[in-house]
Amino acid sequence: MTDTLARRYVGASVPRVEDDRLLRGGGRYVDDVRVTDQLEAAFLRSPHANARIVSIDTRRAREAPGVHLVLTGADLGPLNVPLPAFVPDPNMRAAHTQLPLAAERVRYVGEAIAMVVADDRYLAEDAAALVEVEYEALPAVVELSEASGGPGVVHDDAPDNVAGLVEDSTGDADAAFESAPMVERLALSIERSLASPIEGRGISVEWNPQRRRMHVWASTQAPVALKHGLCRILGLSSDELHLEAPDVGGGFGAKIMVFYPEEILLPYAALRLGRSVKWTEDRWEHFVSSNQERGQIHRAEVAFDADGRILAVRTHFLHDSGAYTPYGSDVCFNTVTHVLGQYRIPNFKATAEVLFTNKPPVSPYRGAGRPQAVFVMERLMGAVARRTGRDVNEIRRLNLIPADAFPYETGLHIKAPVRYDSGNYQAGFDLALELLDPAAFRVEQEAARRDGRYLGMGLATYVEATAPARSEGCSARLEGSGKVVISLGLASQGQGHETTFAQICADELGCRVEDVVIRAGNAGGQDDGIGTFGSRGLVMGGNAVASAAKEIRQKVAAFASDLFEVSPADIVMQDGWVSVAGSPTTRLRLGTVATLANPFGYPGTWGAEDDPAVLDRVRARAGDHRPASQRIEARAYFEQPDMAFASGVHAATVEVDPGTGGVRILKYVLVHDCGVIVNPAIVDGQVLGGLAQGIGGALLERLLFDPQTGQPQTTSFMDFRLPTVDDIPDVLLGHIETPSPLNPLGVKGTGEAGVIPVSAVIAEAVEDALAPLGVRIDSMPLFPDTIVELIRSAAAAQGQA
């Protein structure tokens, strides 16, 4: 039996096995969970961004109809301590996580103060409104640019509101700037956004006090981590608590907190009441109490020579962490380590100030600090092009890391050396330009300008560090039915895990995709796993599946070789059959082999197509002469020493209406390298979905807060507009495959690729379109009123000049 397999499924666009069930309404989400005697919870949330709690009176709420439990911070006792930090961080000098229920202070509008459990959600919300809280309002810290040194203080141990400092460098940037022929400086900013999955957060808990058994269903990206944490907090053994993520309607980073307050409070309430309890986040709650991201302000500068070769880059930036720091400086780390992108830049220095504000806490949202990094780097590229008078894409090409430089050491090392494992950036860049056809566009642009129309072109390159958290486990079992059951802790939120993992297993084991059953999200009881985030699902989970399937194949071959009386090297597995090389009719079904191997299996369940001669030999061999019995199962773990780096190039052409500020995307090009592609259709779906989110973040979505009070002003989709089909242009897709040397499958992640460079692309395209008007783009997102104001400001500046 050779380890070199002919791939039948990996690389093919196998239709998603999940889709039939989901499209027919057969999905099961947390809010679909119905158990006996289920109660529902609602929360009283702070109306103030920054205030002291003087008193809380719950008497009226406790007496309300249908109420079973009212909890405040005082009622929780020793449970009401700061929630665990998902990422403990030495860069933080004043790290804070929130309490399950605020007790003495609230620090953002939406922070939970009390929980009410009642017969249904309506009664619970009515009772929550009866909780009386007296507040002493404090100055709110709202504007990121004024957070340090302003009148408001979020946490008393950080009077300047500085939570932490992140610094990293390579080479000697200061010296390079001292001697550089040319220098350009920019002030750049990106505003906050949030995940907005179709399904909000939710948790349903069933507690059986007689059996001491708790079953938790949670809409989470990390079911195993959440389970282990709850066991520690609640004092339950892992056998007493089963937690699974059923179908999850989108995550995008918002569901990888571990812990949100609700994830502790609902299980605690179930224990207190001996009843089942559930809570489903409504859309208003998502806007005010789910984590957010993106807000950064950069002072960036670039040193270069007359040819446009970049000598050094420096950036000092402010990062809006919100009221708490559950992820420490993780988003800043991502920004710092991705600024250099695909460019060979010998000298670099970055300093990030992590600042507290009175807004919802920050944790990674799809892209996770990388969109900000690409926006900064590509804006600097544009500045270099203007100064040198050269085409910006020629500046990019001049500075690209060459294909023979991999693995490429960036010289950065905040947590570990940042090393690009593989890539061919020049090939991806050339393919993007070929699909974009800049020469033809420039002809069209000139003609349009003569007609009073404003067309523009933009491009951006990027890298994406994928597969953080270095290990993942899974288990596999070959059953007598011929089915292979794979159990993982990874939860899918639409990535197509059931399909891609089945493709990998089928190729390794020589079975059919339809005979592979994937139990993910801890539904199969797999307690070894970290989670689905950071584009790690396929890299970590896929390689764990491949390892487990390979072990199953080896066990099948060893057992079958005795049945067939040949060497294991002569065993062939294909399409669910086990046969002998050169004798394809001498065969047994995989399920028959599993049945014969299982000491508790019923040996009379073979099929009519099994080779009767082999079965006769099995019947004739009894006792010690039968091959040693064994269950054909495996447990595998995959560990990867470093992150794999995906990469890509996006480009677009747009038309801008200077009267209304409207932007219409005419053409979009997307070239991507995620290493070996397991399922091209699923990869295309991932990058296109990311592109839609990126367009939303560039042109449509913006979270506004009252600058004095911190009151959120965008709390529904009436004010926060998501992209629709009308906003998505036709897209030209291209793929480059540079296998990663870090894992056997050669794969890299692809979950965040579509969103990362979009703001940079749109900024350059709009600026290019409005170049005759002297407009410069230095902030995102670009709303119509923003563009109109930029045009007015540019006209005023030209008039003054």
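Below or above, wherever it landed, is the structure these notes cover.

The rules behind these values
- Residues numbered from 1 in each chain as written.
- Predicted model: local features only at pLDDT ≥ 70, side-chain atom pairs only at ≥ 80, totals over all residues.
- Heavy atoms only, no water.
- Helix = DSSP H or I, 4+ residues; strand = E, 2+ residues; numbered from the N terminus.
- Rg over C-alpha atoms; globule rule 2.2 N^0.38 Å.
- Contact = heavy atoms within 4.5 Å.
- Pairing = 2+ DSSP bridges.
- Axes fitted to C-alpha atoms, helices over the stretch in contact; angles between N-to-C directions.
- Salt bridge = Lys/Arg side-chain N within 4 Å of Asp/Glu carboxyl O.
- Buried < 20%, exposed > 50% of the residue type's maximum accessible area, 1.4 Å probe, protein only.
- Left-handed = near helix turned anticlockwise from the far one by under 90°.
- Nonpolar A, V, L, I, M, F, W, Y, C, P; charged D, E, K, R; others polar.
- Parallel < 35°, antiparallel > 145°, perpendicular 65-115°, else oblique.
- Expected span 1.5 Å × (residues − 1).
- Phe/Tyr/Trp six-rings, centres within 6.5 Å; stacked < 30°, edge-to-face > 60°.
- Lys NZ or Arg CZ within 6 Å of the ring centre and 35° of its normal.
- Core = buried A, V, L, I, M, F, W, Y, C linked by side-chain atoms within 4.5 Å.

Brief notes about the overall build of the protein
Line of reasoning, step 1. Assigned secondary structure in the protein consists of 20 helices and 29 strands.
Line of reasoning, step 2. Computed over C-alpha atoms, the radius of gyration of the protein comes to 29 Å, within 12% of the 28 Å expected from 2.2 N^0.38 for 801 residues, which places it in the range of a compact globule.
Line of reasoning, step 3. Principal-axis analysis of the C-alpha atoms gives the protein an extent of 100 × 70 × 50 Å.
Line of reasoning, step 4. For the protein, contacts bridging at least 24 residues in sequence account for 80% of all contacts bridging at least 6.

What about the sheet that holds strand β12 (residues 276-280)?
Line of reasoning, step 1. Overall, mixed pairing links the seven strands, which are arranged β3-β5-β1-β12-β9-β10-β11 in an open sheet. At either end of the open sheet lies a strand with only one pairing partner, and these are β3 (67-72) and β11 (241-244). The sheet shows a mean angle of 20° between the axes of neighbouring strands, taken without regard to direction.
Line of reasoning, step 2. Bridging between strand β9 (residues 202-208) and strand β10 (residues 213-218) involves six bridges; their strand directions are antiparallel. Among the inter-strand pairings, Asn 208 is bridged to a residue of β10, identified as Arg 213.
Line of reasoning, step 3. Running at roughly 150° to β11, helix α6 (residues 223-234) makes contact with β10 and β11 of the sheet.
Line of reasoning, step 4. Helix α7 (residues 261-273) contacts β1 (38-45), β3, β5 (112-118), β9, β10 and β12 of the sheet and is inclined by roughly 25° relative to β9.

As for the pattern of salt bridges
Line of reasoning, step 1. Considering all chains together, one arrives at 51 salt bridges under this definition.
Line of reasoning, step 2. A salt bridge links Asp 575 to Arg 8, with the shortest nitrogen-to-oxygen separation between them at 2.1 Å. In this pair, Asp 575 is assigned in the loop between β22 (571-574) and β23 (577-580) and Arg 8 in the segment before α1 (19-23), connecting sequence segments 567 residues apart.
Line of reasoning, step 3. According to the relative accessible area criterion, Asp 575 is partly exposed, its value standing at 33%.
Line of reasoning, step 4. Residues Arg 536 and Glu 472 are paired through a salt bridge, measuring 2.6 Å at the closest nitrogen-oxygen approach. Highlighted residues: Arg 536 in the loop between β21 (516-519) and α15 (537-564) and Glu 472 in strand β19 (residues 471-478), separated in sequence by 64 residues.
Line of reasoning, step 5. With a relative accessible area of 0%, Arg 536 lands in the buried category.
Line of reasoning, step 6. Put simply, Arg 45, Arg 121, Glu 125, Arg 201, Glu 262, Glu 281, Asp 282 and Glu 285 are held in one network by salt bridges that share partners.

Re the packing of helix α14 (residues 497-509) against α15
Any two packed helices are characterised by the angle at which their axes cross and by the distance between the axes.
Line of reasoning, step 1. Between α14 and α15, the shortest axis-to-axis distance is 8 Å and the interhelical angle comes to 35°. Once α14 is placed against α15, the crossing between them reads as right-handed. Taking contact as the criterion, the partners of His 497, Thr 500, Phe 501, Ile 504, Cys 505, Glu 508 and Leu 509 in α14 are, on α15, Gly 537, Leu 538, Gly 541, Gly 542, Val 545, Ala 546, Ala 549, Lys 550, Ile 552 and Arg 553.
Line of reasoning, step 2. Class assignment for the residues of the contact of α14 with α15 results in nine nonpolar, five polar and three charged.

Section: the packing of helix α18 (residues 680-700) against helix α19 (residues 758-769)
Line of reasoning, step 1. Running from N to C, α18 and α19 point in directions that differ by 50°, and their axes come no closer than 8 Å. Between α18 and α19, the angle is such that the two are oblique. Crossing hand, α18 versus α19: right-handed. Where α18 abuts α19, its residues Leu 691, Gly 694, Ile 695, Gly 697, Ala 698 and Leu 699 lie against Val 758, Ser 759 and Ile 762.
Line of reasoning, step 2. Per-class residue counts for the contact of α18 with α19 are six nonpolar, three polar and no charged.

Observations concerning the environment of Gly 458
Line of reasoning, step 1. By the secondary structure assignment, Gly 458 is in strand β18 (residues 454-466).
Line of reasoning, step 2. The spacing of Gly 458 and Thr 653 is 195 residues in sequence and 6.5 Å in space, taken between C-alpha atoms.
Line of reasoning, step 3. Every residue in contact with Gly 458, bar those within four places of it in the chain, is listed here: His 650, Ala 651, Ala 652, Val 761, Glu 764 and Ala 765.

With respect to the sheet that holds strand β24 (residues 583-589)
Line of reasoning, step 1. Read across the sheet, three strands follow the order β22-β23-β24 without closing on themselves; strand pairing throughout is antiparallel. Single-partner strands in this sheet number two, and they are β22 and β24. Taken pair by pair, the neighbouring strands of this sheet meet at an average axis angle of 35°, ignoring direction.
Line of reasoning, step 2. Taken together, the four bridges between β22 and β23 define a ladder with antiparallel strand orientation. Within the sheet, the bridge partner assigned to Gln 574 lies in β23 and is Trp 577.
Line of reasoning, step 3. Sheet strands in contact with helix α16 (residues 590-597) are β22, β23 and β24, and its direction is about 55° off that of β24.

Some points on helix α10 (residues 370-388)
Line of reasoning, step 1. The end-to-end C-alpha distance of α10 is 27 Å, a good match for the 27 Å that 19 residues give at a rise of 1.5 Å each.
Line of reasoning, step 2. Counting buried positions along α10 yields 17 of 19 residues, so the element is predominantly enclosed.
Line of reasoning, step 3. Residue Gly 389 follows α10 closely and has a positive phi angle near 75°.

Some words on unusual backbone geometry
Line of reasoning, step 1. Between Phe 406 and Pro 407 the backbone carries a cis peptide bond, its omega angle lying at -5°.
Line of reasoning, step 2. Structurally, Pro 407 is set in the loop between α11 (392-399) and β16 (408-409).
Line of reasoning, step 3. With an omega of 5°, the peptide bond running from Met 780 to Pro 781 counts as cis.
Line of reasoning, step 4. One non-glycine residue with positive phi stands out, namely Asp 37, at about 55°.
Line of reasoning, step 5. Checked against the element boundaries, Asp 37 lands in the loop between α1 and β1.
Line of reasoning, step 6. In the Ramachandran plot, Arg 294 falls in the positive-phi region, its phi being about 100° despite a non-glycine side chain.
Line of reasoning, step 7. Along the chain, Arg 294 falls in the loop between α8 (283-289) and β13 (296-304).

As for helix α20 (residues 784-800)
Line of reasoning, step 1. The first and last C-alpha atoms of α20 sit 25 Å apart over 17 residues, in line with the 24 Å expected at 1.5 Å per residue.
Line of reasoning, step 2. Taken together, the buried positions of α20 are Thr 786, Ile 787, Val 788, Ile 791 and Ala 794.
Line of reasoning, step 3. Where α20 is buried, its residues meet β26 (644-656), β27 (663-673) and α19.

Regarding the packing of aromatic side chains
Line of reasoning, step 1. Counting across every chain of the model gives eight aromatic pairs.
Line of reasoning, step 2. Taken together, a centroid distance of 6.3 Å and an interplanar angle of 80° make the contact between Tyr 108 and Tyr 324 edge-to-face. Here Tyr 108 is found in the loop between β4 (105-106) and β5, whereas its partner Tyr 324 is found in the loop between β14 (310-320) and α9 (330-338), with 216 residues between them in sequence.
Line of reasoning, step 3. For Tyr 108, a relative accessible area of 2% translates into the label buried.
Line of reasoning, step 4. You can call Tyr 324 buried: its relative accessible area is 4%.
Line of reasoning, step 5. Against the face of Phe 177 rests Arg 314, its NZ or CZ located 3.9 Å from the ring centre.
Line of reasoning, step 6. The ring of Phe 783 has Arg 702 lying over it, and the distance from NZ or CZ to the ring centre is 3.9 Å.

Comments concerning the nonpolar core
Line of reasoning, step 1. Ranked by size, the top nonpolar core spans 106 residues in total, and within it Val 313, Met 377, Tyr 420, Val 766 and Met 780 carry the most contacts.
Line of reasoning, step 2. In terms of residue count, the dominant contributor to this core is α10 (nine residues).
Line of reasoning, step 3. Those residues within four positions of Met 377 in sequence are excluded, and the remaining contacts are Ile 310, Val 313, Val 339, Tyr 343 and Ile 345.
Line of reasoning, step 4. Core analysis: the second largest hydrophobic core is formed by 54 residues, Leu 478, Ala 546, Ile 571 and Val 593 among them.

Some details on the pairing of strand β8 (residues 182-190)
On any regular strand, side chains alternate: one points to one face of the sheet, the next to the other face.
Line of reasoning, step 1. As defined by bridge partners, β8 adjoins β13 across nine bridges and the pair is classed as antiparallel. Within β13, the position partnered with Leu 186 by the bridge is Ala 300.
Line of reasoning, step 2. As paired elements, β8 and strand β29 (residues 779-780) share two bridges and run parallel to each other. From the neighbouring strand, Ile 190 faces β29, where its bridge partner is Met 780.

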